[in-house]
Amino acid sequence: FESDIFDAKIVALYWLDHQSTEFLVKNQKAILKWVNEIDNWAHSDAYCSAIARIFEHSLKSVLPTYLKWNGHANSWLRRCSMVGTFYYSYHR
């Protein structure tokens, strides 16, 4: 996720979306840091889908992060907190 190329990030997010929930939960600290790279709708939606899966299994560890993002000056972080919560509730 260090690339500045749009398609490279999409491939990383596609890969992330196809990982097991156990992998996502185990690596949530690193995955949650990816939010700082979100700067467009496509990346945001794909990222939030994976975060919703983590949220389902680690509610207590992700909820404070969502709350922090929700009040952040960066509008993409605010969007991720809302879309991640939406994906969580919609698919569950």
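What you see is a predicted model, and the numbers here were worked out from it, not measured in a lab.

Observations regarding the overall build of the protein
Scanning the protein from terminus to terminus reveals 6 helices and 0 strands. Secondary structure elements of the protein, listed N to C terminal, follow the sequence α-α-α-α-α-α. For a compact globule of 92 residues, the expected C-alpha radius of gyration is about 12 Å, and the protein comes in at 12 Å, within 12% of that figure. Each principal axis of the C-alpha distribution contributes one length, and for the protein these read about 35 × 30 × 25 Å. For the protein, long-range pairs separated by at least 24 residues make up 61% of all intrachain contacts whose partners lie at least 6 apart in sequence. Taken as a whole, the protein presents about 5700 Å² of accessible surface, with 57% of it coming from carbon and sulfur. Positive and negative charge centroids in the protein, built from 10 and 9 side chains respectively, lie 10 Å apart.

So, the confidence of the model for the protein
Confidence in the prediction for the protein averages 94 pLDDT; 99% of positions are at 70 or higher. Across the protein, the secondary-structure element scoring lowest on mean pLDDT is helix H6 (residues 75-91), at 93, and the one scoring highest is helix H2 (residues 21-26), at 96.

A short note on the layout of surface pockets
Each pocket or cavity is described by its volume, and for the largest pocket that value is around 210 Å³. Taken together, Gln28, Lys29, Leu32, Lys33, Val35, Asn36, Ser61, Thr65, Lys68, Trp69, His72 and Leu77 make up the full set of residues lining the largest pocket. Taken together, the elements giving at least two residues each to the lining of the largest pocket come down to helix H3 (28-33) and helix H5 (59-70). For the lining of the largest pocket, the class distribution of residues is 4 nonpolar, 5 polar and 3 charged.

Quick notes on the pattern of salt bridges
When charged atoms on two side chains of opposite charge get close, those side chains can pair. Within this structure, the stated rule accounts for 3 salt bridges. Taking the shortest distance from any N to any O, the salt bridge between aspartate 45 and arginine 79 comes out at 2.8 Å. Pair noted here: aspartate 45 is in helix H4 (residues 41-57) and arginine 79 is in helix H6, with a separation of 34 residues, a long-range link.

Focus: the nonpolar core
It is characteristic of soluble globular proteins that their nonpolar side chains tend to be buried jointly. In terms of nonpolar packing, the biggest core is built from 24 residues, with Leu16, Ile31, Val35, Tyr47, Ile51, Trp69 and Cys80 touching the most fellow members. Only helix H1 (6-17), H3, H4, H5 and H6 provide two or more residues apiece to this core. Ranked by residue count, the leading element in this core is H4, at 7 residues.

Comments concerning a nonpolar patch on the surface
Taken together, Leu59, Leu63 and Leu67 make up a surface patch of nonpolar side chains, about 270 Å² in accessible area. Mapped onto the secondary structure, leucine 59 falls in helix H5. Looking at leucine 59, the relative accessible area reads 40%, which means it is partly exposed.

About the cut-offs
Residues numbered from 1 in each chain as written. Predicted model: local features only at pLDDT ≥ 70, side-chain atom pairs only at ≥ 80, totals over all residues. Heavy atoms only, no water. Helix = DSSP H or I, 4+ residues; strand = E, 2+ residues; numbered from the N terminus. Rg over C-alpha atoms; globule rule 2.2 N^0.38 Å. Contact = heavy atoms within 4.5 Å. Areas by Shrake-Rupley, 256 points an atom, 1.4 Å probe, with all protein chains shown as cover. Lys, Arg positive; Asp, Glu negative; His and termini not counted. Charge placed at Lys NZ, Arg CZ, Asp CG, Glu CD. pLDDT = per-residue confidence, 0-100. 1 Å grid on protein atoms, 1.4 Å probe; cavity = no way out; pocket = protein on both sides within 12 Å on 5 of 7 lines; lining within 4 Å. Points joined across faces, edges and corners; volume = space filled by probe spheres on them. Nonpolar A, V, L, I, M, F, W, Y, C, P; charged D, E, K, R; others polar. Salt bridge = Lys/Arg side-chain N within 4 Å of Asp/Glu carboxyl O. Core = buried A, V, L, I, M, F, W, Y, C linked by side-chain atoms within 4.5 Å. Buried < 20%, exposed > 50% of the residue type's maximum accessible area, 1.4 Å probe, protein only. Patch = residues over 30% accessible without salt bridge, like charges linked within 9 Å, V, L, I, M, F, W, Y side chains within 5 Å.

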